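Chain residues, written in single-letter form:
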Amino acid sequence: MFDLNGKVALVTGAMHGLGMAMAKGLGAAGARLVVNGHSSQEKIDKAIASYKAAGIDASGYRFDVTNEGEAEAAIAQVESEVGPIDILVNNAGIIRRIPLLEMPLDEWELVIRTDLTSAFIMSRAVAKRMVTRDGGKIINICSMMSELGRDSVGAYAAAKGGLKMLTRNMATEWARHNIQVNGIGPGYIATEQTAPIRVDGNPFNDFIVGRTPAGRWGDPDDLQGAAVFLASTASDFVNGQIIYVDGGILATIGKPSNE
Ligand code: GCO
């Protein structure tokens, strides 16, 4: 039931970090990978080489997930060149650490468009095709900020909170077509995106290690299990759920640092 052989999985923002780790998990379970990026073709080629080195069948498509026309054209191209998309992972995202009082509107809109609207654009286009095939899987990558606020990441929290509810509403509207829509909420994971706040001696670094019952930062590969579960028949009656892979952060009020 966790076997993904014969399935085509499209993962957005899968050139590194969480996206690449989850994509490699799906590939190791047998899925044929389609990975998206918006940066340089060179970065995409480098990522594809890394997938191939891991023995994973992967093809890369460079397009902007926030651009409706580009996204829909790319999805049509993928379906004609690789095959019908069975699994969509909306992982592409950015963060801006700017206090709300100083947050420029264009930065706010960029975060909302990249982290929330892109999932709507991609999912609507792919789900239209999944409906005709009576089935599919959509996984939206949420965050601790889908549940918790934090100084300086207000736009990100608004987008990730919105993504949690978008996930639930997609499930509400599409479950009848045998499409399972769920989310994964990564905790604090050691990636390029968290590198600026994960510096030794940075109080936030120590705070997170103390605030996480597991007592460590997560590793991107820690997300692979939840991704394979939500992409496979093992989750055929799971809908509108967010699986938080966070080392226990959301389960606890935390404890004083000196305890
Ligand atoms: C931050 C972090 C977080 C994590 C993640 C937590 O600045 O607080 O970057 O946003 O990346 O989203 O779930």
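Details of the structure are given in the entry above.
A.B. asks: Sorry, what's going on with the overall build of the protein chain here?
C.D. replies: Looking only at helices and strands, the protein chain has 7 helices and 7 strands in total. Traced from its N-terminal end to its C-terminal end, the protein chain shows the element sequence β-α-β-α-β-α-β-α-β-α-β-α-α-β. Relative to the 2.2 N^0.38 estimate, which gives 18 Å for 259 residues, the radius of gyration of the protein chain is 18 Å and therefore close to what a compact globule would have. On the principal axes, the C-alpha backbone points of the protein chain span a range of 55 × 40 × 40 Å.

A.B. asks: Would you explain the packing of aromatic side chains in this entry?
C.D. replies: Aromatic ring pairs are described here by two measures, namely the spacing of the ring centres and the angle between the planes. Per the counting criterion, the structure on display carries 3 aromatic pairs. Judged by centre distance (5.7 Å) and plane angle (85°), the rings of Y188 and W217 are edge-to-face. A residue pair is termed long-range when its members are at least 10 positions apart, and Y188 in the loop between β6 (179-186) and α6 (203-211) and W217 in the loop between α6 and α7 (224-231) qualify at 29 residues. Considered together, Y188 and W217 belong to a single accessibility category, that of buried residues. Where F204 meets F207, the ring centres are 5.8 Å apart and the plane angle is 45°; that geometry is what we call tilted.

A.B. asks: Sorry, what's going on with the pairing of strand β4 (residues 87-90) here?
C.D. replies: Residues in a regular strand project their side chains so that they alternate between the two faces of the sheet. The alternating pattern of β4 places I87 and V89 and L88 and N90 on opposite faces, both of which are buried. Pairing of strand β1 (residues 8-11) with β4 involves 3 bridges; the strand directions are parallel. Paired with L10 across the two strands is L88, which belongs to β4. For β4 and strand β5 (residues 136-141), the ladder comprises 4 bridges, and the chain directions are parallel. Its bridge partner lying in β5, L88 is registered against I138. For the crossover from β4 across helix α4 (residues 105-132) to β5, the handedness is right-handed.

A.B. asks: Would you mind going over a nonpolar patch on the surface with me for this structure?
C.D. replies: There is a patch of nonpolar side chains on the surface, built from L100, L105 and W108 and spanning about 310 Å² of accessible area. Its location among the elements puts W108 in helix α4.

A.B. asks: What is the right way to read the sheet that holds β1 from this model?
C.D. replies: Adjacent strands of a sheet pair through backbone hydrogen bonds, lying either parallel or antiparallel. Taken together, 7 strands build an open sheet; the order of strands is β3-β2-β1-β4-β5-β6-β7 and the sheet is parallel. Two strands lie at the open edges of the sheet, namely β3 (58-62) and β7 (242-245), each paired on one side alone. The sheet shows a mean angle of 20° between the axes of neighbouring strands, direction not considered. By the bridge criterion, 5 bridges tie strand β2 (residues 32-37) to β3 in an arrangement that is parallel. Looking at β3, one finds that V35 is bridged to G60.

Cut-offs applied
Residues numbered from 1 in each chain as written. Predicted model: local features only at pLDDT ≥ 70, side-chain atom pairs only at ≥ 80, totals over all residues. Heavy atoms only, no water. Helix = DSSP H or I, 4+ residues; strand = E, 2+ residues; numbered from the N terminus. Rg over C-alpha atoms; globule rule 2.2 N^0.38 Å. Phe/Tyr/Trp six-rings, centres within 6.5 Å; stacked < 30°, edge-to-face > 60°. Buried < 20%, exposed > 50% of the residue type's maximum accessible area, 1.4 Å probe, protein only. Pairing = 2+ DSSP bridges. Right-handed = clockwise from strand over helix to strand, strands pointing away. Patch = residues over 30% accessible without salt bridge, like charges linked within 9 Å, V, L, I, M, F, W, Y side chains within 5 Å. Areas by Shrake-Rupley, 256 points an atom, 1.4 Å probe, with all protein chains shown as cover. Salt bridge = Lys/Arg side-chain N within 4 Å of Asp/Glu carboxyl O. Axes fitted to C-alpha atoms, helices over the stretch in contact; angles between N-to-C directions.

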